[in-house]
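# Fold and contact review
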Amino acid sequence: MILRRRHVLAGFAALTLVAISSAELGAIRPDPWMTLAAIGRGILHPDFSDIAGLLRATGLTVAFAFCGVGLGAVLGLLLAPFYGTAVVRLTCIAVRSVHELFWALLLLGLTGLSPLTGVLAIGLPYAGIFAKVFAEYLEDAPGAAPLGRRLPSLTALLWVRFPQSLPQMRTYTLYRLECGLRSSAVLGFIGLPTLGFQLETAFKQAQYGQAAAVLALFLALILPLRFWVIWRLVPLMLAAAATALIMLPTPPMGQGALMRFLTGIVPSPLRTGGDWGSWLDKVLVQQALPGSMDTLILSQIALAAAALIAAVAFPAIVPGVVGRVGAVIGHGVLVVLRSIPDYMLAFVLLQVLGPSMLPAILALGLHNGAIIAHLLGRQAASLPQHTGAPRGVTLWAWDLFPRLSPAFWALCLYRWEIILRDSAIMGLLGIGTLGFYIQSNVQTLRMDRVVALLVVSGLLTLLIDTVSRRLRRAMRDGPPLRIEASRRLAT
Amino acid sequence: MTQPLVTLTGESLGWDGRVALRDVSLRIATGERIAILGRSGAGKSTLLTALHDRAQVRLALVPQDNGLIGALSVFHNVWMGVLDDHGTARNLRTLIWPSAAERAAVARVLQTVGLDELGRRSVSQLSGGQRQRVALARAKMRGGALLLGDEPVTALDPEQGAALLDHLLAAFPTSVLVLHDVDQALRVATRIIGLRQGAVAVDAPAADLTADDLLQLYR
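Now for a quick tour of the structure. Quantities reported herein were computed from a predicted structural model and do not represent experimental measurements.

## Remarks on the pattern of salt bridges
Residue and element names in this part refer to chain A.
- Taken as a whole and judged by the stated rule, the model has 14 salt bridges over all chains.
- Of the charged contacts, one joins Arg 182 and Glu 178 as a salt bridge, the two residues approaching to 3.5 Å between their closest N and O atoms. Here the residue Arg 182 and the residue Glu 178 both occupy positions in helix α7 (residues 153–187), the gap between them amounting to four residues, near one helical turn.
- When its relative accessible area of 6% is taken as the criterion, Glu 178 is described as buried.
- Notably, a salt bridge pairs Asp 448 with Arg 271, separated by 3.5 Å at the nearest N-O pair. Of this pair, Asp 448 sits in helix α20 (residues 447–475) while Arg 271 sits in helix α13 (residues 268–272), placing them 177 residues apart in sequence.
- Owing to a relative accessible area of 5%, Asp 448 belongs among the buried residues under this scheme.

## Comments concerning the packing of aromatic side chains
All names here are of chain A.
- Under the counting rule described, the total for this entry stands at 17 aromatic pairs over all chains.
- Residues Phe 66 and Trp 228 carry aromatic rings whose centres are separated by 6.3 Å and whose planes lie at 35° to one another, so their mutual orientation is tilted. Pair noted here: Phe 66 is in helix α3 (residues 51–79) and Trp 228 is in helix α10 (residues 225–228), with a separation of 162 residues, a long-range link.
- We classify Trp 228 as partly exposed; its relative accessible area is 24%.

## Points about the pairing of strand β6 (residues 174–178) of chain B
Residues and elements named next belong to chain B.
- With five of five residues buried, β6 lies mostly within the body of the structure.
- As paired elements, strand β3 (residues 33–37) and β6 share four bridges and run parallel to each other. Residue pairing in the sheet places Ile 34 in a bridge with Val 176 of β6.
- Sheet analysis places strand β5 (residues 146–150) next to β6, joined by five bridges and oriented parallel. Bridge assignment links Leu 146 to a residue of β6, and that residue is Thr 174.
- The handedness of the β5 to β6 crossover, carried by helix α6 (residues 158–171), is right-handed.

About the thresholds
Residues numbered from 1 in each chain as written. Chains lettered and ligands numbered in written order. Predicted model: local features only at pLDDT ≥ 70, side-chain atom pairs only at ≥ 80, totals over all residues. Heavy atoms only, no water. Salt bridge = Lys/Arg side-chain N within 4 Å of Asp/Glu carboxyl O. Helix = DSSP H or I, 4+ residues; strand = E, 2+ residues; numbered from the N terminus. Buried < 20%, exposed > 50% of the residue type's maximum accessible area, 1.4 Å probe, protein only. Phe/Tyr/Trp six-rings, centres within 6.5 Å; stacked < 30°, edge-to-face > 60°. Pairing = 2+ DSSP bridges. Right-handed = clockwise from strand over helix to strand, strands pointing away.

Here is the structure:
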């Protein structure tokens, strides 16, 4: 069946209205303007007085990102040739369906607040992603070098397919490193010594000047990433990063942490012979159900917000619509919004707007909307235009948007799964999504419930991923898109 | 009489389910130097691929796109010709750490194609002509009973191309080359196969043909 775009759109609009009507959007703080003014003063007067601490956190953010992404890339590369086997594929799908922050929360029970927790939290889910993408590259590489016919597959893989995929793998790894820096910074919010930790501390003490300094440093790190990552020096950088993390003081975990962890994740009825009914009721009905509902509601509204923002904002980098100067400014704004992790953005907005779904909606909408807008805008700027084509808003409405709408819908559907994953995480900020219940179970050391909720969150991600892929295929009205250098994401 | 290297009898050849050549009957015997001529799209590459798939002897192929791996060095691309003579472990070692003897063996071949000092250069940095020389060096490195080449010297200037072609042909007892230059075909080949409109139009000893006969193929 070929679904019409307008059917899908009508369905989405209806779902969004339902979601908005059941979302908790109120609870505006008594005076958001006061906080906003204080933050504004902080941005105007960034406070770099604790420069040593800031630089240390910056260095450790880089170190966690390098080690985590390095681990993920190596594991992914080793797994990629076996991605066709069901065991490897399912394992990869499972590890990457759990968000980095959730991995960190889970691993806190095993490796504590040690550097290993941060490296594994980034490395494990990234390994699942790398394996998938690298497997696609290897599969796509032309294997038709005129070699002998009886060449063993390992030789063919290493001599022919791997060298041909290497340039793409490098590009993708660099992109992942950018994601890794975001993940690494956000891991600070659960206590690892990265920039996120500094940001949270500064905000809690209302030191907005310091917070602005942290944000400025983070942007100074991530925006010129492509210029300071030099491939020849990467082994050296990795070694330095690993050394820095090994030198980090580690709080002791006590004896038998592994056994404690392994017994802890077994559902308590199995361990203590307790009642299954009440455990299932507690975990599934009282926690997973409301958590999933709120996760779905948040992601639905956030997706609509992202789509709206992207549709309006993508011409901001098209010179034909906003002029040359306007395009430069638009580019700057979109890149900054794209570079700041949505969790960080939500944390900042929460301080201004007070606890409700609104900060998370805005953060997810702005971050993902900026990503879609940036990809679309670049495509729009490269579209051939005849001389005497309209300019300004007319160009956007009559030419660019109609021509790009298949790509636009494909990109929105593709970000849906990511928005859902991040919506679950927003619970750590106190919104009632799955992350909220996961964190409260971590705090009371009920790791069996944590694992159960992680499984639910993983299944939810898989469900959305499947629906999104079906819809993209059923709509079938767009050209295949390559997003972030991966192949099948938006086809 | 010796056993023919390849025999085709009344076969239709093509790819992706489309027939490019109808009713092809050929016997290729040891010692022949065959040139395949014809307009573009006449089925020359299809015929060469069919010969490649049927031949049961060790052969070296120079494909039209050279079939090189851009990310690897010239040394590696040339050594690729003899990969199947060695085990996986040895090949892995050569990929990471080529021995002096391996480098020397490749250097000797590179000298014959005029790429002496370029062994360590990555193929992606080479010009079109240099790439074609690497592909020729790989075929030479591989050696064997049969050389198959799809326009193997088009990217070289005529004089050098002719010299290299002679050199390569001397290294193989039997050869089948797709060529686009009628005079060159008459010069190097003992037998010429001309393709026209999806069928074999000419198949005769080169000595019995003139350039004018062959130019009919392009009309």
